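So the chains spell out like this:
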Amino acid sequence: MVDIFLTNSLTRKKEKFEPINRQSVGMYTCGPTVYYYPHIGNWRTFFFEDILRRVLIYNGCQVVQVMNATDVGHLTGDNVGDADLGEDRMEAAAKREGKTAWDIANFYIKDFLESREKLNIQTPEHFVRATDHIEDQINLIKRLEEKELTYVTKMGVYFDVSKFPSYGKLGGQKMIDKRAATREELKEDSEKKNPFDFALWKFSYPGGRSFDSAQDDAASRRHMEWDSPWGKGFPGWHIECSAMSMKYLGETLDIHTGGVDHIAIHHTNEIAQSEGATGKPFTKYWLHGEFLKVDGGRMGKSLGNAYTLHDIENKGYEALALRYLYLTAHYRDSLNFTWDSLSSAQIALNKLREQVLAAKTQITRTLLSTEKRKKVDDYSIRFVNAVNDDLNTPQALAVLWEALKSNIPSEDKYDLALSFDEVLGLKLAEVQDIKVEIPEEIRKLLIDRDKLRLEGKFEESDKLRRSIEEKGFTLEDTQAGTVVRPLRGSK
Ligand code: AMP
Ligand code: ZN
């Protein structure tokens, strides 16, 4: 195995990856909260985790990946820095859509799985739901209770961070200070001993009592609640990841991942719970993906720019064009999404397919000169070096383009492309020679545009270009003439 280097958030350094057990790598990836369609920021994180998985496999590792679906207990207060406040997103969605929280979970899990396939994100060995693991979570809370790391209030069972001295080591002191500063403005659960204490189990009603039709409004009744040794309620958001990772991967994981927003609270709390219970290190390598921005700023539902994969497809782009766009940025850099950048990614993907198709259909291999043999080997080595250097996908993509444009034989180009695609995941093996018919209407517009350009009427010709593009075609003016391609491209 060639060395793989990954940036570990725990040490804040790029480190050589050395799995705990050489036979297989245990990797836990925090999955979606299934109350709505994931936005393209969420997908960027799931994509980065897929690249990590593929790179490990490309290097010959056997990977056991667990991804969870959070289908209970992730509260809206998390947006303002307190995951213990606010409404359960699942129950809120149920009210919004006039369904039960169970229907909401089932619907958005199905959508998640279908979209994941479109983005060619590989299926983890275990895709697990929090609600299927309530007993495991209760047992873990009991373990923490035995170690006297918890206390009970009217609102639920809390983890007592004052009993866990290394609390906050993942984000470091700076992160703790930052959290402390923003917390002052937040409403606290008055019974919490320390503002950083967090819920392991939340009661449906104060004290853990059941719904009482005489005093409770029927609309406030939860769809998802369970009995527990402390009272009726539901698990806190963080405990599911500690319980399920332990169940499927053991007490110490090789790798744990998520978006950078998870460092301060969710992953910090997972460490406290897991290490508090086992006394062992929870995770050897923590990896975090940087955020996706939209038009240079934050994305948010209230801003109307939290685009979903469906929005992308409804505008005529392929899911794989979004994947291509993700590949163009390093996972530790933020990536700015604009519709123009997606359009460029779709065009680049279409061109890539043309190149791969050309390499597939042209048979040019003769006896390889030593010089060309060396070139082919160099491309392979440079590609592995790029992806093994902290998943440098932009560089890996550049190596692919360079190989395709080089003078090595077509068969070698094709073989390299297919091999590299095991990591890139652009489905290049499915590229087929589909003749694209350019409709008569578009041909006519093209001729009119050419005339206008010859006459120097560029404003008018630009108008025609835009109307051709609106009809789903892209134009590229080359020395040999105008090349027209359908925006969607041929697969
Ligand atoms: P959630 O469904 O909210 O639990 O989030 C799923 C994943 O998406 C988590 O790993 C988050 O850290 C990540 N995430 C949330 N917002 C963004 C964003 N704008 N860009 C990239 N990743 C994000
Ligand atoms: Zn998690």
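Residues numbered from 1 in each chain as written. Chains lettered and ligands numbered in written order. Predicted model: local features only at pLDDT ≥ 70, side-chain atom pairs only at ≥ 80, totals over all residues. Heavy atoms only, no water.

In the nomenclature of an unreviewed UniProt entry, the protein chain is known as Cysteine--tRNA ligase of Candidatus Woesebacteria bacterium RIFCSPHIGHO2_01_FULL_38_9. The UniProt entry for the protein chain carries the following comment under Sequence similarities (unreviewed entry): "Belongs to the class-I aminoacyl-tRNA synthetase family." (UniProt positions renumbered as here; feature names shortened; annotations may be inferred.)

## Considerations on helix α4 (residues 134-146)
Look at α4: 18 Å from first C-alpha to last across 13 residues, which is about the 18 Å you get at 1.5 Å a residue. Of all the positions in α4, only I134, Q137, I138, L140, I141 and L144 are classed as buried. Taken down its axis, α4 places every buried residue within 160° of arc, on the same side. Facing away from the buried side of α4 by over 90 degrees, the exposed positions are E135 and E146. Taken together, the buried residues of α4 touch β6 (150-152), β7 (156-159), β8 (198-203), β9 (233-235), α6 (239-249) and α7 (263-278). At the C-terminal side of α4, E148 shows a positive phi close to 60°. (Helix = DSSP H or I, 4+ residues; strand = E, 2+ residues; numbered from the N terminus. Expected span 1.5 Å × (residues − 1). Buried < 20%, exposed > 50% of the residue type's maximum accessible area, 1.4 Å probe, protein only. Arc of directions from axis to C-beta. Contact = heavy atoms within 4.5 Å.)

## Remarks on the packing of helix α10 (residues 339-361) against helix α12 (residues 393-405)
The N-to-C vectors of α10 and α12 enclose an angle of 40°; their axes lie 10 Å apart at closest approach. In terms of axis orientation, α10 runs oblique to α12. Viewed along their axes, α10 and α12 form a crossing whose handedness is left-handed. Of α12, the residues touching α10 (which contributes A348, K351, L352, Q355 and V356) are L400, W401 and L404. When its residues are assigned to classes, the contact of α10 with α12 shows six nonpolar, one polar and one charged. (Axes fitted to C-alpha atoms, helices over the stretch in contact; angles between N-to-C directions. Parallel < 35°, antiparallel > 145°, perpendicular 65-115°, else oblique. Left-handed = near helix turned anticlockwise from the far one by under 90°. Nonpolar A, V, L, I, M, F, W, Y, C, P; charged D, E, K, R; others polar.)

## Some thoughts on the coordination of the zinc ion (ligand 2)
Coordination of the zinc ion (ligand 2) by the protein comes from C30 (SG), C241 (SG), H266 (NE2) and E270 (OE), over a distance range of 2.1 to 2.5 Å. Around the zinc ion (ligand 2), the four donor atoms sit at angles spanning 76 to 129°, and that spread fits a shape best called irregular. When the donors of the zinc ion (ligand 2) are listed by position in the chain, the intervening gaps give C-x210-C-x24-H-x3-E. Of this pair, C241 sits in helix α6 while E270 sits in helix α7, placing them 29 residues apart in sequence. For the pair shown, C241 and E270 are each scored as buried. (Donors = N, O, S within 2.8 Å, 3.2 Å for Na, K, Ca; no water. Tetrahedral: all angles 85-135°; square planar, octahedral: opposite > 155°, others 65-115°.)

## Comments concerning the UniProt feature "binding site: Zn(2+)" (unreviewed entry) in the protein chain
Under the present numbering, the feature "binding site: Zn(2+)" (unreviewed entry) in UniProt falls on C30, C241, H266 and E270. The annotated residues occupy 241 residues of the chain but converge on a single region, no pair of C-alpha atoms lying more than 10.9 Å apart. Structurally, C30 can be placed in the loop between β3 (25-29) and α1 (40-58). Ignoring sequence-local partners within four residues, the contact set of C30 consists of F46, E49, N68, C241, H256, T257, H262, H266, H267 and E270.

## Things to note about the pattern of salt bridges
Tallying each qualifying case throughout the model produces 30 salt bridges. Across the pair D50 and R54 runs a salt bridge whose closest N-O atoms are separated by 2.8 Å. Placement of the pair is D50 and R54 together in helix α1, with a separation of four residues, close to one helical turn. A residue is classified by how much of its surface remains accessible, and D50, at 2% relative accessible area, is buried. Assessed through its relative accessible area of 6%, R54 is described here as buried. Where K471 meets E441, a salt bridge forms, and the shortest distance between an N and an O atom there is 3.1 Å. You can see K471 sitting in the loop between α15 (458-470) and β14 (473-478) and its partner E441 sitting in helix α14 (residues 440-454), a full 30 residues away along the chain. Given the relative accessible area of 40%, K471 is considered partly exposed. In this structure E441 comes out as partly exposed when scored by relative accessible area, which is 45%. In the salt-bridge network here, residues are joined through shared partners; they are D50, R54 and R323. (Salt bridge = Lys/Arg side-chain N within 4 Å of Asp/Glu carboxyl O.)

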